[in-house]
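Summary of the model geometry
Now for the letters of each chain:
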There are 2 protein chains.
Amino acid sequence: MTDDQTSAPLGAIAESLRRERTRTGLSLSEVAKRAGIAKSTLSQLESGSGNPSIETLWALGVALGVPFSRLVDPPRPRVRVVRAGEGPAITSEQAHFIGTLLASCPPHARRDIYVISMEPGAPRKADPHIPGSVEHLLVGAGRLRTGPADDVVEIGAGDYTTFPGDVPHVYEALEPGTWAVMVMEHV
Amino acid sequence: MTDDQTSAPLGAIAESLRRERTRTGLSLSEVAKRAGIAKSTLSQLESGSGNPSIETLWALGVALGVPFSRLVDPPRPRVRVVRAGEGPAITSEQAHFIGTLLASCPPHARRDIYVISMEPGAPRKADPHIPGSVEHLLVGAGRLRTGPADDVVEIGAGDYTTFPGDVPHVYEALEPGTWAVMVMEHV
DNA sequence: CAGTGCCGTTCGTCAACACGAACGAGTGTA
DNA sequence: TACACTCGTTCGTGTTGACGAACGGCACTG
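These figures come from a predicted structure and were not determined experimentally. (Residues numbered from 1 in each chain as written. Chains lettered and ligands numbered in written order. Predicted model: local features only at pLDDT ≥ 70, side-chain atom pairs only at ≥ 80, totals over all residues.)

A word on the overall build of chain A. In terms of helices and strands, chain A carries five helices and 10 strands. Within chain A, buried positions represent 36% of all 187 residues. Considering only contacts within chain A whose residues lie at least 6 apart along the sequence, 62% involve residues at least 24 apart. (Helix = DSSP H or I, 4+ residues; strand = E, 2+ residues; numbered from the N terminus. Buried ≥ 20, exposed ≤ 12 C-beta atoms within 10 Å, placed from the backbone. Contact = placed C-beta atoms within 7 Å.)

What follows is the structure, encoded as structure tokens:
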């Protein structure tokens, strides 16, 4: 839906519906019942003939437990996964900040997984990333002050926050031994 | 599409359509003409009455120059924090396993971010997911035995592991209060 | 003041989506 | 073998979305 704006997603929806349904292991009848639609409707949609309404497709997304957009979004060409552990450590100029790439971002998947470790000290200022990028942070231990420069939040172990990565933002450890999982999401 | 899976997005679509149209400065008639739909249709959609088909909404997304999902997805707050223990819990049949969806997979990205909490007890067996899916696990506290049924590893706080999700695999907490970040990666 | 042009809305008509019933096929059971 | 059950598909019907025409309103022009 970002690139191939022109092609109507009818066929893609058909594939997605069948794929997500088989993933859950549910029958066509069962999914239709949970979604509150006629199973004949679902049958036609999965066969590719049909132009469902928003409400219909939304109900199916709920029944299948997947985000709505995943049904419209055609799956990308098969991508070989780059295993973690081989990611190089990305040391910062500040010695109290260490980032390790756990799983690099495969083509067309756009979330890099890092774990970062920080010690208390001067806040680490990060320059804006590419427009549209989003950061996710989940603290494993310690406390962390982070977020856009004008909207900083303080989170502790187990807490999660997400904020735009395309504006200046900061990280600051408040306790020794602070570490967090960071997922960098690109457009 | 990320959070309020239950609420039908009809009103949100109406708002999005009008918002994106005024953003471009185009008239309702002009947008309808570019999208190849009747302006009466667009008028009703912007007024909130209507349940457009996928093709109709897709054409509008093209005409407005915005990704399809942005019309369905109401804009989120910039910064979002999920405190430890909060968030939509996805409880399992085994009471000692709790999963919380932190960030569902945006279009074209294929990684959902969860945090799971487990207590010691019988190992939780997970059925295979769709072929090509990969799981990433990073332990925040406690100890965890996990992995494919024939290749289980034991990891502790701060440890990370990844393994294919398309084969049967297990999770077993070895200490009370075990929790971990899980990133589910789809094809 | 008519005349022109575009705005967004409302109304009647037609096509199509969603529905429910019925169907054939496959499976397990008495 | 007959029965009961669920599977997914096909068919006929009615509700509704999408269409085009006509409408009132507004700005500009002769």
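The structure having been displayed, the exposition proceeds.
In this fold, B:S53 is placed in the loop between helix 3 (39-46) and helix 4 (54-64). Judged by C-beta crowding, with 17 C-beta atoms within 10 Å, B:S53 ranks as partly exposed.

What follows deals with the protein's contact with DNA strand C. Taken together, 20 residues sit near DNA strand C, with A:I37, A:S40, B:S27, B:L28 and B:S40 positioned nearest. Mapped onto the surface near DNA strand C, the elements with two or more residues apiece are helix 3 (39-46) of chain A together with helix 2 (28-35) and helix 3 of chain B. Ranked by residues supplied to the surface near DNA strand C, first place goes to helix 3 of chain B with five residues. In the surface near DNA strand C, the residues fall into four nonpolar, 13 polar and three charged. (Near = placed C-beta within 6 Å. Nonpolar A, V, L, I, M, F, W, Y, C, P; charged D, E, K, R; others polar.)

Around DNA strand D, a shell composed of 20 residues is seen, among which A:S27, A:L28, A:S40, B:I37 and B:S40 lie nearest. Listing elements by their share of the surface near DNA strand D, those giving two or more residues are helix 2 (28-35) and helix 3 of chain A together with helix 3 of chain B. Split by residue class, the surface near DNA strand D holds four nonpolar, 13 polar and three charged.

Turning next to the sheet that holds strand 10 (residues 169-173) of chain B. Where strands meet in a sheet, backbone hydrogen bonds hold them as pairs that are either parallel or antiparallel. Residues and elements named next belong to chain B. With antiparallel pairing, the four strands of this open sheet are ordered in space as 5-10-7-8. Looking along the sheet, the strands with just one partner apiece sit at the ends: strand 5 (124-126) and strand 8 (153-156). Averaged over all pairs of adjacent strands, the angle between strand axes in this sheet comes to 20°, irrespective of strand direction. When strand 7 (residues 143-148) meets strand 10, the two strands line up antiparallel, connected through five bridges. What sits directly across from L144, in strand 10, is A173. (Pairing = 2+ DSSP bridges. Axes fitted to C-alpha atoms, helices over the stretch in contact; angles between N-to-C directions.)

Functional significance is not addressed by these values, which are geometric in nature.
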